[in-house]
Amino acid sequence: MTKPVLLAGALLLTNSLLAQTSTAPKLPPMDNPLLQPFATPFQTPPYDKIKVEHFLPAIQSAMTEGRREIDALVNNAAKPTFENTIVALERAGEQLSRITPILFHLNGAETTPEIQKTVKEASPLLTEYGNDISLNENLFARVKAVWDSRDKLKLDAEGKMLLEKTYKGFARNGANLNEADKEKLRALNKELSQLSISFNEHNLAETNEFALEITEEKELAGLPDFVREGAKAEAKKRGKEGWVFTLQAPSYGPFLQYADNRELRYKLWLAFAKRGFNGDKNDNQTIIANLVKLRHEKATMLGYKTWADYVLEDRMAENPQKVRDFELNLLSYAKPAAERDLKELTTYAKSQGFSENVLQRWDAAYYSEKLKKEKYAINDEVLKPYFKLENVLDGLFLLTTKLYGLTFKERKDISTWHPEVKTYEIIDEKGHLLAIWYGDYFPRPGKRAGAWNTGTRSQHFEGGQDVRPHVINVCNFTRPTETMPSLLTFREVETLFHEFGHALHAMLSHAKYETVSGTSVAWDFVELPSQFMENFCQEPEVLKMFAKHYQTGEVIPSDYIEKIRASSNFLAGIGTARQVNLGLTDLAWHGQAPTGESVSEVESKVAEQTEVYPLVPGTAVSPAFAHIFAGGYSAGYYSYMWSEVLDADAFDAFKEKGIFNPEVAKSFRENILSKGGSEKAEVLYRRFRGRDPKPEAMLRRAGLVQ
Ligand SMILES: [Zn+2]
């Protein structure tokens, strides 16, 4: 799943009390296009006029401006009100929130060493700047005064949400603590971030230090040429003869999938499964114990029962008990399905000469790959001619018109960051401008890998005016050549729909405040609009609209569509049980006070419930589980499956009444897509679906129930 790059919350980006400290050269503001109103169509950024040296002085000037606005707010003699404090804070530093997204967008889509340097210089300024706001006691006193009087204020739902988000933003950072505890919290934060950095360093070292060296060609049996070539190049890079395999995904993955030599598969798998668990200088067990202890300390200091309670407070899932129930419910379906999968896989392996009774983990990928090929003889090369990029885009536009009545008008007069970028004016069913949307689809040296949705302006209201958003999709699809158009794999088609789903969330937004508009929603709700769109890619009615052979015009055959659908559920039982295992492991560490149990003790309890493969002593997941110990997913790993349940359940509402049903589409648009985070996700969802989400649709889609 691709998490979108969100526009940073206005609270962090739009305000500052920071003095200008940098000595970077300053251009007079009049020469700096970033500091002037954008005199362009739809006030889009004038990319043709913006130069990298404009950013730092513009950001500094905008920070000074923001600081003035905050000062005025704090020194206001009038009693704090929602308008003069919460809304004023929301509006402060408008200029900065117009400039910084452009810099960060360019750094992702078309970077240069100069842009990277500018980001490096701007980032600490922006961080310090955010800190200066969140630590401003006089500002917090005013926010708290408004918060304390919230029951007497007659705020609408969106106003209540903005107030709550603003107040909690301070409180969750410790604004209510006494001086001694604030000091303690700062020390804790510092230590926590150090521990995560060390965790990552150990992981990296463990991954890089291991190498499987092969000198006998016969030991490469089963490996396709591209894997052999990669391994040969790796050996050469190290000044070695033969072939070298590593624990990096592009080397490790194919080796486990294809190598006939079971002993060597075991060797490589074992090294991978022992990362951070070798009892040496890169061991992560002590770091885990400390992280879990200090996170708990921080959470309890801030008034929460556990770290998971702290993390989940502003999420749709709300609390660890709900997450636990969610995981265990999934497991009750996934475990029997996983056992069925394993039986099928074992039977198949035996038919291929596997002579033992029990499949091991280092056999799993190997036999899965073979079985998959045998069951669904379909691959990217067969499908790609049906997915010419332009055809897929036409299909996507047609679908959007059918669902929401939107139309697309290509614009050639809007400046972009690269000539390949296509720009559209998106118009709603009443003929009003909805958004400007940019599609940037081919890899370039300055573009980072992957696919994402971002934007340089969020929808919001300004002086009664509806300010429409500027939304961007960036992907890395195969570039066309002189003789061949850009042909997508099926996964890329899904990616294109996915990112456009995020874009629709931003474009259809109708909210007053930027902090709660568009994709600024609860963390476990943000993938609903995007994954929801992926569902359409498996519907024959939709595919037949656009999946036509680029040479012959032939519509994609029905049995191809059937195979796409069937193969996407291949071994879904084992896959889901695995996801539940990781979700429960995360909860075991973060959903209760630290128990002092070892990694092995914690994991074996979870594995008892979830595992179908035999456990291998001396291996563990947690010491390399960077998502929860070094990334942003602590107490949040469940959200992968949570989002799947949501998108399948939402799509089921369409399937019940026809996938293009205008009333269901209208309800999805009005209750979900246009609302952003202006009300709690569970409330919005209930309004759309008439009830809470249920896992049945996801289970059915994955073939886990009949
Ligand atoms: Zn996404």
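For the structure itself, look to the data block above.
Residue numbers here run from 1 along each chain, matching the order of that chain's written sequence. Totals for whole chains, interfaces and linings use every residue, but because this is a predicted model, local features are given only for residues with pLDDT of at least 70 and side-chain atom pairs only at 80 or more, for both listing and counting. Derived side-chain values reflect all non-hydrogen atoms in the structure, with water molecules and hydrogen atoms excluded from consideration.

1. Examining the overall build of the protein
In step 1: Along the backbone of the protein there are 28 helices and nine strands.
In step 2: Atoms counted for the radius of gyration: C-alpha only. Globule rule: 2.2 Å times residue count to the power 0.38. The C-alpha atoms of the protein give 27 Å as radius of gyration, which agrees with the globular expectation for 706 residues (27 Å, within 12%).
In step 3: Viewed in the frame of its principal axes, the protein has a C-alpha envelope of about 85 × 65 × 55 Å.
In step 4: Remark: exposure states derive from per-residue accessible area (1.4 Å probe, protein chains only) relative to the maximum for the residue type, with buried under 20%, exposed over 50%, and partly exposed in between. Relative to its 706 residues, the protein shows a buried fraction of 55%.
In step 5: Any two residues whose heavy atoms approach within 4.5 Å are treated as being in contact. Considering only intrachain contacts with a sequence separation of at least 6, the fraction spanning at least 24 residues in the protein is 74%.
In step 6: For the area figures, the Shrake-Rupley method with a 1.4 Å probe applies, and any residue is considered shielded solely by the protein chains shown. Carbon and sulfur atoms provide 52% of the accessible area of the protein, an area that totals close to 31000 Å². Per the convention used, a helix needs a DSSP run of H or I reaching at least four residues, while a strand needs a run of E reaching at least two, with both numbered from the N terminus.

2. Looking at the packing of aromatic side chains
In step 1: Any pair of Phe, Tyr and Trp rings, taking the six-membered ring for Trp, is counted once the centres come within 6.5 Å. Such a pair is stacked with planes under 30 degrees apart, edge-to-face with planes over 60 apart, and tilted for the rest. Applying the stated rule across the entire model yields 47 aromatic pairs.
In step 2: Relative to phenylalanine 629, the ring of phenylalanine 199 has its centre 5.5 Å away and its plane inclined at 45°; by these criteria the two rings are tilted. Taken together, the positions of phenylalanine 199 in helix α8 (residues 179–209) and phenylalanine 629 in helix α24 (residues 626–629) put the pair 430 residues apart, joining distant regions of the chain.
In step 3: The class for phenylalanine 199 is buried, based on a relative accessible area of 0%.
In step 4: Linked through ring pairs, Phe532, Phe536, Phe651, Phe654, Phe668, Tyr685 and Phe688 together constitute an aromatic cluster.
In step 5: Criterion for a charge above a ring: Arg CZ or Lys NZ at most 6 Å from the ring centre, at most 35 degrees from the ring normal. Over the face of the ring belonging to tryptophan 147 we find arginine 150, whose NZ or CZ atom lies 3.8 Å from the ring centre.
In step 6: Directly above the aromatic system of tryptophan 452 lies the positively charged group of arginine 448, at a separation of 3.9 Å from the ring centroid.

3. Focus on the pattern of salt bridges
In step 1: Here, a salt bridge means any side-chain nitrogen of Lys or Arg that lies within 4 Å of a carboxyl oxygen of Asp or Glu. Under the defined criterion, the tally for this structure stands at 49 salt bridges.
In step 2: Residue glutamate 110 pairs with arginine 444 through a salt bridge whose shortest N-O separation is 2.6 Å. You can see glutamate 110 sitting in the loop between α4 (94–109) and α5 (113–134) and its partner arginine 444 sitting in the loop between β5 (433–440) and β6 (452–457), a full 334 residues away along the chain.
In step 3: Taking the relative accessible area as the measure of exposure, arginine 444 reaches 9% and is therefore buried.
In step 4: Linking arginine 228 and glutamate 217 is a salt bridge whose minimum nitrogen-to-oxygen distance equals 3.6 Å. Of the two residues, arginine 228 sits in helix α9 (residues 225–237) while glutamate 217 sits in the loop between β1 (212–214) and α9, which places them 11 residues apart along the sequence.
In step 5: Connected via shared salt-bridge partners are Glu110, Glu420, Asp440, Arg444, Lys447 and Arg479.

4. Quick notes on the nonpolar core
In step 1: Among buried residues, those of type Ala, Val, Leu, Ile, Met, Phe, Trp, Tyr and Cys that are joined through side-chain atoms within 4.5 Å constitute a nonpolar core. Counting 143 residues, the largest nonpolar core has Phe387, Trp437, Phe497 and Phe525 as its most contacted members.
In step 2: Sort the elements by how many residues they give to this core and helix α14 (residues 320–351) lands first, with 11 residues.
In step 3: Leaving out residues up to four positions away in the same chain, phenylalanine 387 has contacts with Val392, Ser486, Leu487, Leu488, Thr489, Phe490, Val493, Leu543, Phe546, Ala547 and Ile556.
In step 4: Met63, Leu106, Tyr438 and Ile472 belong to the second-largest nonpolar core, a separate cluster that totals 31 residues.

5. Digging into the sheet that holds strand β4 (residues 422–427)
In step 1: With respect to topology, five strands assemble into an open sheet ordered β3-β4-β5-β9-β6, the strand pairing being mixed. The two strands at the open ends of the sheet, each matched to only one other strand, are β3 (407–411) and β6. On average, adjacent strands in this sheet sit at an angle of 25° to one another, irrespective of strand direction.
In step 2: Where β3 lies against β4, five bridges are found, and the strand directions are antiparallel. Within β4, the position partnered with glutamate 410 by the bridge is tyrosine 424.
In step 3: Angles shown run from 0 to 180 degrees and are taken between the N-to-C directions of axes, each axis being a line fitted to C-alpha atoms and, for helices, limited to the stretch in contact. Relative to the sheet, α4 contacts β5, β6 and β9 (470–474), its axis offset from that of β6 by approximately 150°. Paired strands are those between which DSSP finds at least two bridges.

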